[in-house]
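Next come the chains, spelled out residue by residue.
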Protein chains: 2
Amino acid sequence: MHLFYLPGFTPGEINELPEDESKHALKVLRLSSGDKIEVTDGKGSVYLCEVKDSGNKACRFKILSQFTGKPKDFFIHIAIAPTKNADRIEWFVEKCIEIGIDEISFIQCSRSERKNINLDRIEKIAVSALKQSQTTIFPLINPLVPFKSFVENCKDDHKFIGYLSEEHKELLQKIAPANSRYCILIGPEGDFTQEEVSLAFKKNFKPSSLGHSRLRTETAGIAACHIFNIINS
Amino acid sequence: MHLFYLPGFTPGEINELPEDESKHALKVLRLSSGDKIEVTDGKGSVYLCEVKDSGNKACRFKILSQFTGKPKDFFIHIAIAPTKNADRIEWFVEKCIEIGIDEISFIQCSRSERKNINLDRIEKIAVSALKQSQTTIFPLINPLVPFKSFVENCKDDHKFIGYLSEEHKELLQKIAPANSRYCILIGPEGDFTQEEVSLAFKKNFKPSSLGHSRLRTETAGIAACHIFNIINS
């Protein structure tokens, strides 16, 4: 069954898909009166619906039932330095949505190889991933901000920085408590600078290891996302 | 420092890189006498070496020191149905090598969308991933075989099938013991058939869940690989 994502959707007297989605439903999927679809608001609710006779206009539907997942008691926020190769950061976004993520931020680090990101494209990939994996939580996706600014304004409860050194080798899965609100910083291929690490420590980001091997930026991001989900399963 | 992969390398009187690697070392990287390189045999040993005067011929080197990681007490084997989109399976191979994997098999399932794979290309991607992530274990990569044949001949100790149903919801991380030799079957986008699942059960593959969300084939493969590594960290 097809899943449609309608940000912030709430049932009303008349329910219809937005223009793009209607076009997709009626012209591409060729849905018609009586066909079942699912609609999610991206905030944990999914509605089982039935398409109503729409002719060629906006695709209308009536709601048959609603399911709202029980509220999650953990929140995953990953702040990552965009990779030089845009494909890789797009993979990261897609995989995290499949696995489960609540917020994604992009941070501009000293050694970042990329100075800008195509947020529109990333949003489209995120929506696609949501529909494909049939998840119902659409993450908040924030634009690129300087490292310093992100670190100074981060309000999550348990903050981590993906960082390995002789003195700091604690595995993320061992130091992150369950049922919490996490944020982890994932650095560029060239790693964080000593200055960035010091600033993060000053702001209570704990150093954490993502395993014994050296991971690419996007792999580290996915590993962190997966670990947070695992400790809460 | 550059890492070169020489399958099955053992130090000798004269040590030199194979033709392709020599060309890369001398013409692309422009290494010369005195430059340091690392050489791995893909079986856990890495040698710190120094380039010797080679002129334009094969790049010769002398060994300064050797490091052999302590033998792993676990072994990860993932058998996966190749995805329709070749990028995705190549991405899976790359990520698993970064995270750590010992053997990769490709299985032809009833609902597989792809009937063949480009093993050469996959091997090249694997070698690239090994060098990039500086790991020293190169996995055994097996050609595509029919599901039935794989399941009947699999000799690993703890066998799993990525499969979710009402009766079976056990999480892989809860049922896989540490320090073991694992194999997990990852099915195609359309899932395993009932017949395939029954055959796997008969051959002692335990059903296991990879989490609460529905994962694409390549994501499921990476998640499984990551879980096996985590339970042994």
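Structural data are supplied above this passage.
Parameters at a glance
- Residues numbered from 1 in each chain as written.
- Chains lettered and ligands numbered in written order.
- Predicted model: local features only at pLDDT ≥ 70, side-chain atom pairs only at ≥ 80, totals over all residues.
- Heavy atoms only, no water.
- Pairing = 2+ DSSP bridges.
- Helix = DSSP H or I, 4+ residues; strand = E, 2+ residues; numbered from the N terminus.
- Contact = heavy atoms within 4.5 Å.
- Axes fitted to C-alpha atoms, helices over the stretch in contact; angles between N-to-C directions.
- 1 Å grid on protein atoms, 1.4 Å probe; cavity = no way out; pocket = protein on both sides within 12 Å on 5 of 7 lines; lining within 4 Å.
- Points joined across faces, edges and corners; volume = space filled by probe spheres on them.
- Nonpolar A, V, L, I, M, F, W, Y, C, P; charged D, E, K, R; others polar.
- Left-handed = near helix turned anticlockwise from the far one by under 90°.
- Phe/Tyr/Trp six-rings, centres within 6.5 Å; stacked < 30°, edge-to-face > 60°.
- Buried < 20%, exposed > 50% of the residue type's maximum accessible area, 1.4 Å probe, protein only.
- Lys NZ or Arg CZ within 6 Å of the ring centre and 35° of its normal.
- Salt bridge = Lys/Arg side-chain N within 4 Å of Asp/Glu carboxyl O.

(A) Inspection of the sheet that holds strand E3 (residues 36-40) of chain B at higher detail. All names here are of chain B. Taken in spatial order, the 5 strands make up an open sheet running E1-E3-E4-E5-E2, and their pairing is mixed. In the strand order of this sheet, the two ends are held by strand E1 (3-5) and strand E2 (15-16), each with one partner. One ladder, built from 3 bridges, connects E1 with E3; its direction is parallel. Directly across from Leu3, in E3, lies its bridge partner Glu38. Sheet strands touched by helix H3 (residues 119-133): E1 and E3. Its angle to E1, the strand with the most contacts, is close to 150 degrees.

(B) Representation of the layout of surface pockets in the model. Approximately 1500 Å³ is the volume found for the largest pocket. A:Thr135, B:Gly211, B:His212, B:Ser213 and B:Arg214 are, among the 47 residues lining the largest pocket, the residues nearest its centre. Elements represented by at least two residues in the lining of the largest pocket include exactly strand E4 (61-68) and helix H3 (119-133) of chain A together with strand E10 (181-186) and helix H7 (217-231) of chain B. Across the lining of the largest pocket, the residue classes tally to 17 nonpolar, 20 polar and 10 charged. Empty space within the second largest pocket amounts to approximately 1100 Å³. What lines the second largest pocket is a set of 32 residues, among which A:His212, B:Gly69, B:Lys72, B:Thr136 and B:Ile137 lie closest to the centre. Tallied by class, the residues present in the lining of the second largest pocket amount to 11 nonpolar, 14 polar and 7 charged.

(C) Up close: the packing of helix H2 (residues 86-99) of chain B against H3(B). All names here are of chain B. Running from N to C, H2 and H3 point in directions that differ by 35 degrees, and their axes come no closer than 9 Å. For H2 against H3, the interelement crossing comes out right-handed. Contacts between H2 and H3 involve Ile89, Glu90, Val93, Glu94, Ile97 and Glu98 from the former and Arg121, Ile122, Ile125, Ala126, Ala129, Leu130 and Ser133 from the latter. Of the residues that constitute the contact of H2 with H3, the class distribution is 8 nonpolar, 1 polar and 4 charged.

(D) Region of interest: the packing of aromatic side chains. Tallied over the full model, the rule gives 15 aromatic pairs over all chains. Relative to B:Trp91, the ring of A:Trp91 lies with its centre 4.5 Å away and its plane at 20 degrees, an arrangement referred to as stacked. With one member in each of two chains, A:Trp91 in helix H2 (residues 86-99) and B:Trp91 in helix H2 form a pair that bridges those chains. Here the two residues A:Trp91 and B:Trp91 agree in accessibility, since each one is buried. Centroid distance A:Tyr163 to A:Phe201: 6.1 Å. Interplanar angle 75 degrees. Geometry classified as edge-to-face. In this pair, A:Tyr163 sits in the loop between strand E8 (158-162) and helix H5 (172-175) while A:Phe201 sits in helix H6 (residues 194-202), placing the two residues 38 residues apart along the sequence. Residue A:Tyr163 is classed as buried on the basis of its relative accessible area of 14%. Ring pairs connect the aromatic residues A:Phe9, A:Tyr47 and A:Phe61, which therefore count as one cluster. One residue, A:Arg181, lies across the ring of A:Phe75, its end atom 3.8 Å from the ring centre.

(E) Main features of the pattern of salt bridges. Under the defined criterion, the tally for this structure stands at 26 salt bridges over all chains. As a salt-bridge pair, A:Glu218 and A:Arg88 come within 2.6 Å of each other at their nearest N and O atoms. Of the two residues, A:Glu218 is situated in helix H7 (residues 217-230) and A:Arg88 in helix H2; the sequence distance between them amounts to 130 residues. No difference in accessibility class separates A:Glu218 from A:Arg88, as the two residues are buried. A salt bridge links B:Glu94 to B:Lys95; the shortest N-O distance between them is 2.8 Å. A network of salt bridges, in which partner residues are shared, links A:Arg88, A:Arg216, A:Glu218, B:Glu94, B:Lys95 and B:Glu98.

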